Amino acid sequence: MTRIVVSPLARIAEMAVRHGAREMVSLMAKEQAFHRPGVISASRHLLLHMNDIAFKGTGNLVAPGEAHVREIIGFAAAWDQSAPLLVHCWMGVSRSPAAALVAALSLVPDQDEKTLAERLRAASPYATPNTRIIEIGDALLDRKGRLVDAVRAIGRGAEADGNAPFMFTIAPEKAG
């Protein structure tokens, strides 16, 4: 079963080692410095500078944009899936769950968005996917608003302390 590990920044090294991840997507504000875990090669690390905001024009903050989401989709397409993909942001609650949903849907496009969002909620009661990443991913993947509606339907996640990594399957498990 192909999985994505969603993690807060503070636990990326532990999660990479524990789950054998060799590829990583980082969604971080430009001013947030961190070290890539040694088990992740620089060539298979996608660093996207963005803030966790839902709209442009917020001072010096960088809103997630179409170019960012295109890079997530492209990186996911090049992921060999022999080991989990590690996706992280500052707290592992908003940007990284949104990126995990977009990546999963880009890789397995024939799945139902509602079921996908419900699997995310089952994996994490805390996930509150960034609405801008979801809206852009929905448009780029031609989901006609279904991904936006599915994420809206699972609602805001529970309050989080930024210490709750989780595993997320990119497609439903097949019976039998």
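### Quick look at helix 6 (residues 146-154)
By the burial criterion, the buried members of helix 6 are Leu 147, Val 148, Ala 150, Val 151 and Ile 154. All buried residues of helix 6 project into a common sector of 165 degrees when viewed along the axis, lining one side. Helix 6 presents Arg 152 and Ala 153 as exposed residues on the side facing more than 90 degrees away from its buried surface. On its buried side, helix 6 packs onto helix 3 (95-107), helix 4 (113-123) and helix 5 (131-140).

### Examining the pattern of salt bridges
In total, this model carries 11 salt bridges according to the counting rule given. Across the salt bridge formed by Glu 14 and Arg 18, the nearest N and O atoms sit 2.8 Å from each other. Within this pair, Glu 14 and its partner Arg 18 are both found in helix 1 (residues 12-19), separated by four residues, close to a single helical turn. Between Arg 70 and Glu 66 there is a salt bridge, with the nearest N and O atoms lying 2.7 Å from each other. Taken as a pair, Arg 70 and Glu 66 lie in helix 2 (residues 66-78) at a separation of four residues, close to a single helical turn. Here the salt bridges do not stand alone but share partners, grouping Arg 11, Glu 14 and Arg 18 into one network.

### Focus: the side chain of His 45
Among the secondary structure elements, His 45 is positioned in strand 3 (residues 45-49). Non-local contacts of His 45, meaning those with residues more than four positions away in its chain, are made with Met 24, Ser 26, Phe 34, Arg 36, Ile 40 and Phe 75.

### Thoughts on the packing of helix 2 against helix 3
In helix packing, the relevant descriptors are the interaxial angle and the interaxial distance, both defined with respect to the helix axes. For the pair helix 2 and helix 3, interaxial distance at closest approach is 9 Å and the crossing angle is 55 degrees. Here helix 2 lies oblique to helix 3, going by the angle between them. Considering how the two elements wind past one another, helix 2 and helix 3 form a crossing that is right-handed. Here Val 69, Ile 72, Ile 73, Ala 76 and Ala 77 of helix 2 lie close against helix 3, whose contacting residues are Ala 99, Val 102, Ala 103, Ser 106 and Leu 107. In the contact of helix 2 with helix 3, the residues fall into nine nonpolar, one polar and no charged.

Rules and cut-offs
- Residues numbered from 1 in each chain as written.
- Predicted model: local features only at pLDDT ≥ 70, side-chain atom pairs only at ≥ 80, totals over all residues.
- Heavy atoms only, no water.
- Buried < 20%, exposed > 50% of the residue type's maximum accessible area, 1.4 Å probe, protein only.
- Helix = DSSP H or I, 4+ residues; strand = E, 2+ residues; numbered from the N terminus.
- Arc of directions from axis to C-beta.
- Contact = heavy atoms within 4.5 Å.
- Salt bridge = Lys/Arg side-chain N within 4 Å of Asp/Glu carboxyl O.
- Axes fitted to C-alpha atoms, helices over the stretch in contact; angles between N-to-C directions.
- Parallel < 35°, antiparallel > 145°, perpendicular 65-115°, else oblique.
- Left-handed = near helix turned anticlockwise from the far one by under 90°.
- Nonpolar A, V, L, I, M, F, W, Y, C, P; charged D, E, K, R; others polar.

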